[in-house]
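# Chain and residue survey
Spelled out from the first residue to the last, the chains are:
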Amino acid sequence: MHIMEGFLPWQWCLVWWLIAIPFLVVGVIELRSIMRQDREYLPLLGVCGAFIFILSALKLPSVTGSCSHPTGTGLSVMCFKPYITAVIGFIVLLFQALLLAHGGLSTLGANMVSMAIGGPLVGYGVYKLLKNTSVNIYVTVFCVAAVADIVTYVITSFELALAYPAATGGVLASFTAFFAIFAITQVPLSIIEGLVLALVFKYIIQLKPELIEKLGVFSKKQIESALRTTTGVPEEKV
Amino acid sequence: MFENRKLEILTLAGLFAFVVLFIIVSSQTGHAFSGSDDVGSEKIAELTGKPVESFTPLIPQYVPPSGEIEATLFALQATFGGVVVGLVIGYWYGQKRRPINS
């Protein structure tokens, strides 16, 4: 979903950077305060960030005959909310811009708005919608991860369409064209990402249910009922 | 046993379907499986009527000189993530186990 360096006019680079920076600033402040609250959050933050690192390094082939990568931001946005996720996403995108020439410093703002901010925000909305319903928490994790992934690419298509409206049909026509390239490719990848992150979440609540509960991601009751359906002996261990 | 591994089986089935899909697509069509980033860049070139090469970086950047070096850097990125995941899961597992063994 990277917009390559040089492929976005500087005016648009500036616009997306200006949108991205406030998220980054609030994210850093939130990150510091959460670390001061409890050091036990650090390992969980590590796992959430690590999955963004791993998944965004994997270029997977898709039905459209091109390759793309999942984003892995769903886990982080559920556990640590959108601002902190923006910071982690920024670190990954900065690494790729500096060393891999995937995206660049001028387009980093735009890439952040799609992968580190927009996708996770919509995923967070899905989480908020499903959180207090009877929906199984693994299904919730699946939906959040898959939606955060696919929306990232929808936003990239939108960013490019705004910068490069088609001669005939304008923004909408070029959005459709970019959407076909980015978002359609992403559909199978986001399903896989949803499955993998749901599985990872199972292991997290098996090992550290109290952390997820303390962060208020899910209630104790929800976690216990989820553990009962996916593991044999949760009760006596907890 | 299978009752407790539902999610694992589902995930594996999903991955399997994904691989099968790839084999079908790649054997039936002549797609190059290039990155969607590049395909997107080509689309920009097409829309603007300017060749891809005419888009030069606004801010100079390091470009890995070959695909090999790029692959190494991507592998390092994934390795870093993998190390952290393994470390933390192991740390948590150890925390959970300690009271039982002592």
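Since we're looking at a predicted model, the values are computed, not measured.

Reading the values: rules and limits
Residues numbered from 1 in each chain as written. Chains lettered and ligands numbered in written order. Predicted model: local features only at pLDDT ≥ 70, side-chain atom pairs only at ≥ 80, totals over all residues. Heavy atoms only, no water. Salt bridge = Lys/Arg side-chain N within 4 Å of Asp/Glu carboxyl O. Helix = DSSP H or I, 4+ residues; strand = E, 2+ residues; numbered from the N terminus. Buried < 20%, exposed > 50% of the residue type's maximum accessible area, 1.4 Å probe, protein only. 1 Å grid on protein atoms, 1.4 Å probe; cavity = no way out; pocket = protein on both sides within 12 Å on 5 of 7 lines; lining within 4 Å. Points joined across faces, edges and corners; volume = space filled by probe spheres on them. Nonpolar A, V, L, I, M, F, W, Y, C, P; charged D, E, K, R; others polar. Pairing = 2+ DSSP bridges. Contact = heavy atoms within 4.5 Å. Axes fitted to C-alpha atoms, helices over the stretch in contact; angles between N-to-C directions.

### Thoughts on the pattern of salt bridges
One pass over the full model with this rule turns up six salt bridges over all chains. Lys208(A) is paired through a salt bridge with Glu40(A); the nearest N and O atoms lie 3.7 Å apart. Taken together, the positions of Lys208(A) in the loop between helix H6 (170-207) and helix H7 (209-214) and Glu40(A) in the loop between helix H1 (10-37) and helix H2 (41-57) put the pair 168 residues apart, joining distant regions of the chain. Taking relative accessible area as the criterion, Glu40(A) reaches 24% and is therefore assigned partly exposed. Linking Lys202(A) and Glu8(B) is a salt bridge whose minimum nitrogen-to-oxygen distance equals 2.8 Å. With Lys202(A) in helix H6 and Glu8(B) in helix H1 (residues 6-28), this residue pair bridges two chains. Glu8(B) carries the same exposure label as Lys202(A), and that label is buried. When salt bridges that share partners are traced, they join Glu40(A), Lys208(A) and Glu210(A) into one network.

### Describing empty space enclosed by the protein
In this structure the tally under the stated criterion is two cavities of 30 Å³ or more. Together, Pro61(A), Ser62(A), Val63(A), Pro188(A), Phe18(B), Leu21(B), Phe22(B) and Val25(B) line the largest cavity. Broken down by element, the lining of the largest cavity gets its largest block of residues, four residues, from H1(B). When grouped by side-chain class, the residues that make up the lining of the largest cavity number seven nonpolar, one polar and no charged. Approximately 40 Å³ is the volume found for the second largest cavity. Lining the second largest cavity we find His2(A), Ile3(A), Met4(A), Phe7(A), Leu160(A), Phe182(A), Asp37(B), Gly40(B), Ser41(B) and Ile44(B). With four residues, helix H2 (residues 36-48) of chain B is the largest single contributor of residues to the lining of the second largest cavity. Grouping the amino acids of the lining of the second largest cavity by side-chain chemistry returns six nonpolar, three polar and one charged.

### Focus on the sheet that holds strand E1 (residues 60-61) of chain A
Taken together, three strands build an open sheet; the order of strands is E1(A)-E2(A)-E1(B) and the sheet is mixed. Each edge of the open sheet is held by one strand with a lone partner, namely E1 of chain A together with strand E1 (34-35) of chain B. Taken together, the two bridges between E1(A) and strand E2 (residues 66-68) of chain A define a ladder with antiparallel strand orientation. The residue of E2(A) that forms the bridge with Pro61(A) is Cys67(A). Docked against the sheet, H6(A) engages E1 and E2 of chain A, running at close to 55° with respect to E2(A).

So yeah, pure geometry; function would need other evidence.
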